[in-house]
Amino acid sequence: HTIGMICIKSNPNSMSILCIQIILGILASQNDYIKWILAFCMSMNQSVLICDQVNPILNEILEKNGLQITYEPEITPEQIEEKIGNFEVVIVRSRTKITKNMIAKAEKCKIIARVGVGLDNIDQVAAKEKNIRVINAVEGAMNAVGELVIGLMLSLAREIPRADREVRNGNW
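Residues numbered from 1 in each chain as written. Predicted model: local features only at pLDDT ≥ 70, side-chain atom pairs only at ≥ 80, totals over all residues. Heavy atoms only, no water.

## Some details on helix H8 (residues 142-157)
Here comes step 1: The terminal C-alpha atoms of H8, which comprises 16 residues, lie 23 Å apart, in line with the 22 Å expected from a rise of 1.5 Å per residue.
Here comes step 2: Judged by how many residues are buried, H8 sits mostly at the surface: 1 of 16 residues are covered.
Here comes step 3: Following H8 by one or two positions, glutamate 159 has its phi on the positive side, about 55°. (Helix = DSSP H or I, 4+ residues; strand = E, 2+ residues; numbered from the N terminus. Expected span 1.5 Å × (residues − 1). Buried < 20%, exposed > 50% of the residue type's maximum accessible area, 1.4 Å probe, protein only.)

As structure tokens, then:
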């Protein structure tokens, strides 16, 4: 409770950023506590442009918390340049590249959120110059990375790469 109140009183934009980060994290975790925090924090009435296909849960959560969603998973770069100036929040995945030209036209934008870990598809320098916060779901890949590590450990313990090589060479 205290952290949320401090965020709200000290800087409303930090509340927005915290809430968007929580939303992005929900895609990786269905924790009820996170949903409660989201419901507590998300009282802003901002417009959001979602430029890529995302889990329908994201749209549902954003709409339930008063955000005005424009969901355009097939939007072209040219259309983004035309429309980006009307939104406070822009959400992307890997397909969409947010360029310097797009950011220059993002008059109302406060947050560019990446549903994923990498930020290589967002011009971070241009965003920083325009005082737009760029965030991502840093914990979004946590489960996938853990699963991969366990899978690779099992593969090495059972000598699967060697066995695969032997089969391909016709030795087994």
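Still more to cover.
## A few points about the sheet that holds strand S5 (residues 133-136)
Here comes step 1: Strand order in this open sheet of 5 strands is S2-S1-S3-S4-S5, and the pairing throughout is parallel. Either end of the sheet is taken by a strand with one partner, and the two such strands are strand S2 (68-71) and S5. Put simply, the sheet's adjacent strands are angled 20° from each other on average, direction ignored.
Here comes step 2: Across the face of the sheet, helix H4 (residues 56-64) comes into contact with strand S1 (47-50), S2 and strand S3 (89-92) while running at roughly 155° to S2. (Pairing = 2+ DSSP bridges. Axes fitted to C-alpha atoms, helices over the stretch in contact; angles between N-to-C directions. Contact = heavy atoms within 4.5 Å.)

## What about the confidence of the model for the protein?
Here comes step 1: Across the protein, the average pLDDT comes to 79, with 74% of residues at 70 or higher.
Here comes step 2: Considering only residues more than four positions removed or in separate chains, one finds that residues 1-16, a stretch of pLDDT under 50, has 15 contacts.
Here comes step 3: Ignoring residues within four places in sequence, the model shows residues 26-41, a span with pLDDT below 50, making 29 contacts including any to other chains. (pLDDT = per-residue confidence, 0-100.)

## Section: unusual backbone geometry
Here comes step 1: Although it is not a glycine, asparagine 131 adopts a positive phi angle of roughly 60°.
Here comes step 2: A positive phi angle, near 55°, is found at glutamate 159, a position not held by glycine.
Here comes step 3: Relative to the helices and strands, glutamate 159 resides in the loop between H8 and helix H9 (160-168).
Here comes step 4: Of the residues examined, glutamate 159 reaches a relative accessible area of 40% and is grouped as partly exposed.

## With respect to the pairing of S2
Here comes step 1: Pairing of S1 with S2 involves 4 bridges; the strand directions are parallel. When the sheet's bridge partners are listed, isoleucine 50 is paired in S2 with tyrosine 71.
Here comes step 2: The handedness of the S1 to S2 crossover, carried by H4, is right-handed. (Right-handed = clockwise from strand over helix to strand, strands pointing away.)

## Looking at the pattern of salt bridges
Here comes step 1: Across all of its chains, the model carries 8 salt bridges by this definition.
Here comes step 2: Linking lysine 64 and glutamate 60 is a salt bridge whose minimum nitrogen-to-oxygen distance equals 3.5 Å. Placement of both lysine 64 and glutamate 60 in helix H4 is noted, with a separation of 4 residues, approximately one turn of the helix.
Here comes step 3: Lysine 64 sits in the exposed class, given a relative accessible area of 65%.
Here comes step 4: By relative accessible area, which is 44% here, glutamate 60 ends up partly exposed.
Here comes step 5: Note that lysine 105 and glutamate 81 form a salt bridge whose closest N and O atoms lie 3.0 Å from each other. Residue lysine 105 is found in the loop between helix H6 (100-104) and strand S4 (111-114), and its partner glutamate 81 is found in helix H5 (residues 77-83); the two are separated by 24 residues along the sequence.
Here comes step 6: Note on glutamate 81: relative accessible area 24%, which makes it partly exposed. (Salt bridge = Lys/Arg side-chain N within 4 Å of Asp/Glu carboxyl O.)

## Comments concerning the nonpolar core
Here comes step 1: Ranked by size, the top nonpolar core spans 20 residues in total, and within it Cys51, Val90, Ile98, Ile103, Ile112, Ile122 and Ile132 carry the most contacts.
Here comes step 2: Within the residue set of this core, elements represented by two or more residues are S3, H6 and helix H7 (124-129).
Here comes step 3: Excluding residues within four positions of it along the chain, isoleucine 112 makes contact with Val90, Ile98, Ile103, Ile122, Ile132, Arg133, Val134 and Ile135.
Here comes step 4: Membership of the second largest hydrophobic core comes to 13 residues, among which are Ile50, Val54, Leu67 and Ile91. (Core = buried A, V, L, I, M, F, W, Y, C linked by side-chain atoms within 4.5 Å.)

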